[in-house]
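# Report on the structure
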Amino acid sequence: MAITDEQIQSLFDQALEVAKNAYIPYSHFPVGAALLLEDGKVITGANVENRSFGLTNCAERSAMFAAASQGYRTFKAVAIATPKSDYPVGPCGACRQVLSEFAPAETPVIFGPSWENSVKTTLGMLYPYDSLHELASEQ
């Protein structure tokens, strides 16, 4: 089932909304993420900082870990909102790795500070040499 532009925009709007819940006392840089699951449910996450920066969790991983904790293992699309940025900020490498664990390369991804200033791409374009899927296709 294809994902419509309306579904993607709704997903992005939910990511913008959850960015308001970010715990960001150090960077002051809110990020929200929304995952569209196979059954149509949406799970969101926000970044959560810690004074030990290595223990900070990105919004994308917060959403993905929440989804996995609820038993979800696949999703259809992801939206990432960075409402205070001047340009579209893509997911970090760790988030790209985690997202690729649960979605194929053709999964739609949208990211940016606003709908009008966003990048619409796929997980495969963000993470082109995904060894997990490469290894799976060789078996």
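A brief report on the enclosed structure follows. It should be emphasised that the depicted structure is a prediction, and the values quoted were computed from it without experimental measurement.

### Digging into the side chain of Glu49
Within the secondary structure, Glu49 is located in the loop between strand S2 (42–46) and helix H2 (59–69). No salt bridge is formed by the buried Glu49, whose closest oppositely charged neighbour, Lys84, lies at an N-O distance of 10 Å. Within the structure, Glu49 has its side chain in polar contact with the backbone nitrogen of Tyr26 (distance 2.9 Å). Among residues more than four places away in sequence, those in contact with Glu49 are Tyr23, Ile24, Pro25, Tyr26, Ser27, His28 and Thr56.

### Notes on helix H1 (residues 5–18)
When the terminal C-alpha atoms of H1 are compared, their 20 Å separation across 14 residues agrees well with the 20 Å that a helix rising 1.5 Å per residue should span. Every buried residue belonging to H1 is among Ile8, Leu11, Phe12, Ala15 and Val18, and all of these are buried. The buried residues of H1 occupy one face: seen down the axis, they fall within an arc of 125°. Facing away from the buried side of H1 by more than 90 degrees, the exposed set consists of Asp5 and Glu6.

### Looking at the pattern of salt bridges
Two side chains bearing opposite charge may form a pair once their charged atoms approach each other closely. Tallied over the entire structure, the rule returns 1 salt bridge. Note that Lys20 and Glu17 form a salt bridge whose closest N and O atoms lie 3.0 Å from each other. Among the residues examined, Lys20 registers a relative accessible area of 60% and is labelled exposed.

### Some details on the pairing of S2
With 5 bridges joining them, strand S1 (residues 32–37) and S2 adopt antiparallel strand pairing. Bridged to Gly32 within S2 is Ala46.

Basis of the calculations
- Residues numbered from 1 in each chain as written.
- Predicted model: local features only at pLDDT ≥ 70, side-chain atom pairs only at ≥ 80, totals over all residues.
- Heavy atoms only, no water.
- Helix = DSSP H or I, 4+ residues; strand = E, 2+ residues; numbered from the N terminus.
- Buried < 20%, exposed > 50% of the residue type's maximum accessible area, 1.4 Å probe, protein only.
- Lys, Arg positive; Asp, Glu negative; His and termini not counted.
- Salt bridge = Lys/Arg side-chain N within 4 Å of Asp/Glu carboxyl O.
- Polar contact = N/O pair within 3.5 Å; in protein donor to acceptor, adjacent residues only side chain to side chain.
- Contact = heavy atoms within 4.5 Å.
- Expected span 1.5 Å × (residues − 1).
- Arc of directions from axis to C-beta.
- Pairing = 2+ DSSP bridges.

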